[in-house]
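Coordinate inspection notes
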Amino acid sequence: MSNMENNDVDYLVISYYFPPRLETSGLVVARKIMEKNLNVDVIQSAYDESSDFNEIINKHINNRFPIDIKTKPDYIPFIFKYIDLGLKAIKKNYKKVYSRSYIYSNHFLALEYKFKNPNAEWTAEFSDPLLLNLYTGEVKNYPRAILDNPDYINKLNEKIEKFNEVSDTDFKALDNPSNTFFMAEYLTFIFADKIIFTNENQREVMLSVYDSELREFVMDKSKLEAHPTIDKEFYNFKDCEIRLDNNCINIAYFGTYYYIRHFESLFYAFEALNHKYKDKIKLYFFTSRAELLKVATGSLKISNNIIIEKPLKYFEFLNATTKFDILLINDTITKGHFKVNPYLPSKYSDYIGSGSDIWGICEEDSILSKKELKYKSSMTDYQSSCEVLIDILNEYGYEDLDYYFEDNIFEKRINELNWRFGFEFDDKKKYYTRYCRLKDKNKKLKDEKQVLIDKKEKLKAKNESLMEKNINLEKENELLKAKYDGIINSNSWKITKPLRKLKNSK
């Protein structure tokens, strides 16, 4: 370990999804450790499964502190359990501590460690915006993320107040209840010594929701740090047995597939293309959404040119990227939700180490669109994908001067997708409509129940009032009866009896 930058292991890494789990966030952290040649201790999830990556990163790890929590990550019970078990697992005071979201509970644990060890230098990294919703750009207000805990919030506010006094700042106190997505950003921005963002758009979007004082404060202590690319030797660490036709142009995509990260502009262009060498292009998709993609492309004329596979293990994936002629990468669609696109696909850092050409299907002015890529096209302009397809065919020596693109492919594709997914959408609509009706009915029943409960409470209160009046009347009656009995049995009453009879006889 003498060649390590931190030989005395004064560096604590908090990364719940650290290898052997092969989650993107944990892999990025592991690659950063390798890139910087660090020797660290790691707090991570208790995960027994082995992986090749785990064996490689082991030489950089002195101690692992596995945390076993059954609750779903980043839910409020998880956050507090993670803090409790994490602090108990840490056996020493470290000079440096690093945390990265996802998961954002990593920052909560690092925050509490910083409170207990104020001299530790805390570096916090954000992979993506936490507070803002990927699909809408709006603040996440999930019920499961709303923390109603006056004691904990008051403790944090005391820390903020003390920080303000020492730092001559005026950062606002937290409300109770408070949004844990907001807390994970806000508290980390205040108390971390260094902040890392992956790109300038992400920093701009994340800071845009805060006041100028906090924005300037974070800008002064933050830096941009792209995802690291693993050393070239690891692209050949494990061979991926994949059969490719060397007489074709083999293009591959590795990653997820959903409605804000799709390839419709490419499918439109490829389907519309009339070219005598069209079949020389083969599109490979390695994705966890294989069945969805098969449905979406099954009726296309180019379906025989589309090969859909399940995802590969990490080192097989790295090796596979070296075997394809072109690697596809696409942006997340954010137009209309964000001022600028804050996301850079993590696969980009893996792709650039492969040696293969890259085709980026980009959103306008995104970080990806500004990268040096061999091929670029627009997510919203299928004509740009048409041009790239022709460029690729020409560059590989497959020219056809008589090629053309069909004009009505867009309408055909929309009609096809409507037909393909129509029944599924109809079923969903039917069940959703039924769900809404039942929800409304349930609400009405609850309202009626509450009316009856209120009425019952009023009747109960009225009954109690009447009972109290009855008791008081009974007491008054007893007093009157006692008074009457006292009069009847008195000597004066007895002496005056003849007089009363005389009066009555008249």
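For the structure, see preceding data.
Anyway, here's the lowdown on the structure attached to this text. (Residues numbered from 1 in each chain as written. Predicted model: local features only at pLDDT ≥ 70, side-chain atom pairs only at ≥ 80, totals over all residues. Heavy atoms only, no water.)

**Re the nonpolar core**
Worth spelling out the cut-off: In this text, buried Ala, Val, Leu, Ile, Met, Phe, Trp, Tyr and Cys residues form a nonpolar core when linked through side-chain atoms within 4.5 Å. Each residue is placed in one exposure class: buried if its accessible area under a 1.4 Å probe, protein chains only, is under 20% of its type's maximum, exposed if it is over 50%, and partly exposed if it falls in between.
Core analysis: the largest hydrophobic core is formed by 76 residues, its most contacted members being Phe-267 and Trp-359. In this structure, Ala-124, Ile-153, Ile-195 and Tyr-210 belong to the second largest nonpolar core, which totals 56 residues.

**Let's talk about the sheet that holds strand 9 (residues 222-224)**
How we decide: At least two DSSP bridges between two strands are required for those strands to pair. Only DSSP runs of H or I reaching four residues or more are called helices, and only runs of E reaching two or more are called strands; each is numbered from the N terminus. Each axis is a line fitted through C-alpha atoms, and for a helix only the stretch in contact is used; angles between axes span 0 to 180 degrees, taken between their N-to-C directions. Whether two residues touch is decided by their heavy atoms; if any such pair falls within 4.5 Å, the residues are in contact.
Taken in spatial order, the seven strands line up as 3-2-1-4-5-8-9 in an open sheet, and their pairing is parallel. Only two strands of the sheet have a single partner each, and these edge strands are strand 3 (61-67) and strand 9. On average, each strand axis in the sheet is inclined to that of its neighbour by 20 degrees, with strand direction left out of account. Pairing analysis gives six bridges linking strand 4 (residues 96-101) to strand 5 (residues 121-126), with the strands arranged parallel. For Tyr-98, the partnering residue across the bridge sits in strand 5 and is Thr-123. Contacts from helix 8 (residues 212-221) reach strand 8 (194-197) and strand 9 within the one sheet, and its direction differs from that of strand 9 by about 60 degrees.

**Let's talk about the sheet that holds strand 16 (residues 375-378)**
Strand order in the open sheet formed by six strands is 13-12-10-14-15-16, and the pairing between neighbours is parallel. Both edges of this open sheet fall to strand 13 (306-309) and strand 16, since each of them pairs with a single strand only. The mean angle between the axes of side-by-side strands here comes to 20 degrees, regardless of whether they run parallel or antiparallel. Note: strand 14 (residues 326-330) against strand 15 (residues 357-362), five bridges, orientation parallel. Paired with Leu-328 across the strands is Trp-359, a residue of strand 15. Most of the contacts of helix 9 (residues 264-272) go to strand 12 (residues 281-286), to which it runs at about 155 degrees, and overall it touches strand 12, strand 13, strand 14, strand 15 and strand 16.

**A few points about the pairing of strand 13**
When a strand is regular, its side chains alternate between the sheet's two faces. Convention followed: Seen with its strands pointing away from the viewer, a crossover is right-handed if its path from the first strand over the helix to the second goes clockwise.
Residues Ile-306 and Ile-308 point to one face of strand 13 and are all buried, whereas Ile-307 and Glu-309, pointing to the other face, are not buried. As defined by bridge partners, strand 12 adjoins strand 13 across four bridges and the pair is classed as parallel. Paired with Leu-283 across the bridge in strand 13 is Ile-306. Crossover connection from strand 12 via helix 10 (residues 290-297) to parallel strand 13: handedness right-handed.

**Focus on the pairing of strand 14**
With five of its five residues buried, strand 14 lies for the most part within the structure. Of the two faces of strand 14, the one holding Ile-326, Leu-328 and Asn-330 and the one holding Leu-327 and Ile-329 are both buried throughout. Across three bridges, the pairing between strand 10 (residues 249-254) and strand 14 is parallel. Paired with Ile-251 across the two strands is Ile-326, which belongs to strand 14.

**Side note on the packing of helix 4 (residues 105-116) against helix 6 (residues 180-191)**
Test applied: Note on angle classes: values under 35 degrees are labelled roughly parallel, values over 145 roughly antiparallel, values of 65 to 115 roughly perpendicular, and the remainder oblique. The handedness criterion is simple: a crossing whose near helix is rotated anticlockwise from the far helix by less than a right angle is left-handed, and one whose near helix is rotated clockwise is right-handed.
Contact pair helix 4 / helix 6: the axes reach a minimum separation of 10 Å and the direction vectors enclose 40 degrees. As summarised for this structure, helix 4 and helix 6 are arranged oblique, according to the angle between their axes. For helix 4 against helix 6, the interelement crossing comes out left-handed. Across the interface between the two elements, His-107, Phe-108, Leu-111, Lys-114 and Phe-115 from helix 4 touch Thr-180, Met-183, Ala-184, Leu-187, Thr-188 and Phe-191 from helix 6.

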